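Residue strings, one per chain:
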Amino acid sequence: MTQFNSFSGITAFVATAQTGSFTEAASRLGVTKSAVGKSVTRLEEHLGINLLLRTTRRLTLTSEGEYYLQQCQIALSILEQANNQVQENQSVLTGKIRLDLPSAFGRKCIMPVLMTLMDKQPQLKMSVSFSERYIDMHEESVDLVVRIGHLPDSSHVVARQLTTQKLVLCASPIYLQKYGIPKDIEALSDHRCIVGFRQDAPFYWMLKEGDIFRQYTPTPFYELADGDAMFDAVIHGYGIAQLPLWMIGDKLKERQLQRVLIKTEGYQSPINMMWHKGQKVPPKTRYIADALLQVAKEGGFDE
């Protein structure tokens, strides 16, 4: 008779209860949807109770399932603390950490740091995704997040500022020779503006007029939903864009790009790193966070 593995059933049940879906639980655990469903069913058979009510549209917890979930979460928390304590006593970090980074900044600035850490900690597994949207770190099981811009209030995360993003208007010399250099903000309406694309809000530039910054909504000639694509379009002479110095600093020095309307510059957005708030930060999370903060302290994320 095959011995029942209650731990795999518990982890499958907790993931399913937290996500409300066998499919999402399978994605979190890195197994198939069928495997998750079978593990939860075997757990229920082992306990002799129904933990979940299944319909064609949704999964809901029974009253017994709600109680069992609370106890399982307590037990898993204790196990996690034990794992963290063991790792603290080791010079080699193990396990897996999941990070979610802004697309362009993550690839250009964060990934080189992470690859250095991969060499230093070859047993530490990293799962890195790239997105711009704000996420529920607990719901999506993400350990460390980096985001650009002001953060929404949250009592569930710890945030540390890495640096600021300095934005400038720029264009290639090829474009400026063809279309001319705008003399003021109003003149931008006669130019080919390359702007980001967001479905949830109108895209705008932050420009300085006198001593204040105001939102300027350019008339888009090209709308691109990716920072790297905007960068390529500007480099190849297709228009004017507002881009961060960390992205274009070397191209300005090489004169492949040129600043436009310098008097409008100066707006800065914070770049923050976040992790779960708790009494004990996992060693692998603290290790990567400390490394990123050290690079930031040394100016490694500046232009």
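Cut-offs and rules
- Residues numbered from 1 in each chain as written.
- Predicted model: local features only at pLDDT ≥ 70, side-chain atom pairs only at ≥ 80, totals over all residues.
- Heavy atoms only, no water.
- 1 Å grid on protein atoms, 1.4 Å probe; cavity = no way out; pocket = protein on both sides within 12 Å on 5 of 7 lines; lining within 4 Å.
- Points joined across faces, edges and corners; volume = space filled by probe spheres on them.
- Helix = DSSP H or I, 4+ residues; strand = E, 2+ residues; numbered from the N terminus.
- Expected span 1.5 Å × (residues − 1).
- Buried < 20%, exposed > 50% of the residue type's maximum accessible area, 1.4 Å probe, protein only.
- Core = buried A, V, L, I, M, F, W, Y, C linked by side-chain atoms within 4.5 Å.
- Contact = heavy atoms within 4.5 Å.
- Pairing = 2+ DSSP bridges.
- Phe/Tyr/Trp six-rings, centres within 6.5 Å; stacked < 30°, edge-to-face > 60°.
- Lys NZ or Arg CZ within 6 Å of the ring centre and 35° of its normal.
- Salt bridge = Lys/Arg side-chain N within 4 Å of Asp/Glu carboxyl O.
- Polar contact = N/O pair within 3.5 Å; in protein donor to acceptor, adjacent residues only side chain to side chain.
- Axes fitted to C-alpha atoms, helices over the stretch in contact; angles between N-to-C directions.
- Parallel < 35°, antiparallel > 145°, perpendicular 65-115°, else oblique.
- Nonpolar A, V, L, I, M, F, W, Y, C, P; charged D, E, K, R; others polar.

Colleague: What should I look at first to understand the layout of surface pockets in this one?
Modeller: Over the atoms rolls a probe the size of a water molecule, and in doing so it shows where empty space is left. Of the voids in this model, the largest pocket is the one considered here, and its volume is about 1700 Å³. Along its surface, the largest pocket is lined by 40 residues, and Gln18, Leu76, Glu80, Ser141 and Asp143 are the ones closest to its centre. Within the residue set of the lining of the largest pocket, elements represented by two or more residues are helix H1 (6–19), helix H2 (22–29), helix H4 (63–88), strand S3 (96–101), strand S13 (268–276) and helix H9 (283–297). Tallying contributions element by element places H4 first for the lining of the largest pocket, with 9 residues.

Colleague: Could you clarify how one ought to interpret H1 in this entry?
Modeller: Residue pairs three or four apart in sequence face the same way in an α-helix, which turns once every 3.6 residues. Between its terminal C-alpha atoms H1 stretches 20 Å, which fits the 20 Å expected from 14 residues at 1.5 Å a residue. What H1 keeps buried is the set Gly9, Ile10, Ala12, Phe13, Val14, Ala15 and Thr16. Immediately downstream of H1, the backbone of Gly20 shows phi near 75°, a positive value.

Colleague: What's the story with the nonpolar core in this structure? I'm lost.
Modeller: Generally speaking, soluble globular proteins have nonpolar side chains that are buried together. Membership of the largest hydrophobic core comes to 44 residues, with the highest contact counts inside it found for Leu114, Ile248, Ile288, Leu292 and Phe301. For this core, the element with the most residues is helix H5 (residues 103–120), which contributes 8 residues. Excluding residues within four positions of it along the chain, Ile248 makes contact with Val168, Cys170, Phe231, Leu243 and Leu257.

Colleague: Would you mind going over the pairing of S13 with me for this structure?
Modeller: Along any regular strand, the residues point their side chains to alternate faces of the sheet. Most of S13 is tucked away, with 7 of its 9 residues classed as buried. Here 5 bridges tie strand S5 (residues 144–148) to S13, and the two strands are oriented antiparallel to one another. The residue of S13 that forms the bridge with Val146 is Met273.

Colleague: Got a minute to help me understand the packing of aromatic side chains in this structure?
Modeller: Two descriptors summarise a pair of aromatic rings, namely the distance from one centre to the other and the angle between the planes of the rings. Counted according to the given criterion, the structure contains 8 aromatic pairs. Arranged with centres 5.7 Å apart and planes meeting at 45°, the rings of Phe13 and Tyr68 form a pair that is tilted. Within this pair, whereas Phe13 is found in helix H1, its partner Tyr68 is found in helix H4, the two being separated by 55 residues in sequence. Directly above the ring of Phe130 sits Arg107, whose terminal nitrogen or CZ lies 4.6 Å from the centroid.

Colleague: Teacher, can you tell me more about the pattern of salt bridges here?
Modeller: Pairing is possible between side chains that carry opposite charge, provided their charged atoms lie close to one another. Scanning the entire structure with this criterion turns up 7 salt bridges. The salt bridge partner of Arg147 is Asp100, with a shortest N-O separation of 2.4 Å. Residue Arg147 is located in strand S5, and its partner Asp100 is located in strand S3; the two are separated by 47 residues in the primary sequence. Classification of Arg147 as buried rests on a relative accessible area of 2%.

Colleague: Please explain the side chain of Glu44 as it appears in this structure.
Modeller: By secondary structure assignment, the location of Glu44 is in helix H3 (residues 33–47). The class of Glu44 is buried, set by a relative accessible area of 6%. A polar atom in the side chain of Glu44 sits 2.8 Å from the backbone nitrogen of Leu51.

Colleague: Would you explain the packing of H5 against helix H8 (residues 245–253) in this entry?
Modeller: Two packed helices can be described by the angle between their axes and the distance between those axes. At a minimum axis distance of 10 Å, the contact between H5 and H8 shows a crossing angle of 60°. As the angle between them shows, H5 and H8 are arranged oblique. Judged by residue contacts, Ala104, Phe105, Lys108 and Cys109 of H5 engage Trp246, Met247 and Asp250 from H8. Broken down by class, the residue content of the contact of H5 with H8 amounts to 5 nonpolar, no polar and 2 charged.

Colleague: Can you walk me through the packing of H2 against H3 in this structure?
Modeller: Where H2 contacts H3, the two axes come as close as 8 Å, and the packing angle between them is 105°. Here H2 is positioned roughly perpendicular relative to H3, judged by the angle of their axes. Here Phe22, Thr23, Ala25, Ala26 and Leu29 of H2 lie close against H3, whose contacting residues are Lys33, Val36, Gly37 and Val40. The residue makeup of the contact of H2 with H3, split by class, is 6 nonpolar, 2 polar and 1 charged.

Colleague: What am I meant to see in the environment of Glu140 here?
Modeller: With respect to the secondary-structure elements, Glu140 resides in the loop between strand S4 (125–130) and S5. On the basis of relative accessible area, Glu140 is assigned to the partly exposed category, the value being 23%. For the pair Glu140 and Glu24, spaced 116 residues apart in the sequence, the C-alpha separation amounts to 9.1 Å. If sequence neighbours within four positions are ignored, Glu140 has contacts with Arg98, Arg133 and Ile135.

Colleague: Would you explain unusual backbone geometry in this entry?
Modeller: Keep in mind that most residues, glycine aside, have a negative phi and that most peptide bonds are trans. If you check the backbone angles, Arg255 has positive phi at about 65° while not being a glycine. For Leu261, which is not glycine, the phi dihedral falls at a positive 50°. For Leu261, the position within the fold is in the loop between strand S12 (258–260) and S13. Here Leu261 falls in the buried class, since its relative accessible area comes to 13%.

Colleague: Just checking my understanding: could you explain the environment of Leu176 for this structure?
Modeller: Locating Leu176 in the fold gives a position in helix H6 (residues 173–179). Residue class for Leu176 comes out buried when judged on its relative accessible area of 7%. For the pair formed by Leu176 and Gly239, sequence separation is 63 residues and the distance between their alpha carbons is 8.5 Å. Discounting chain neighbours no more than four positions away, the residues touching Leu176 are Ala171, Ile181, Pro182, Gln258 and Val260.

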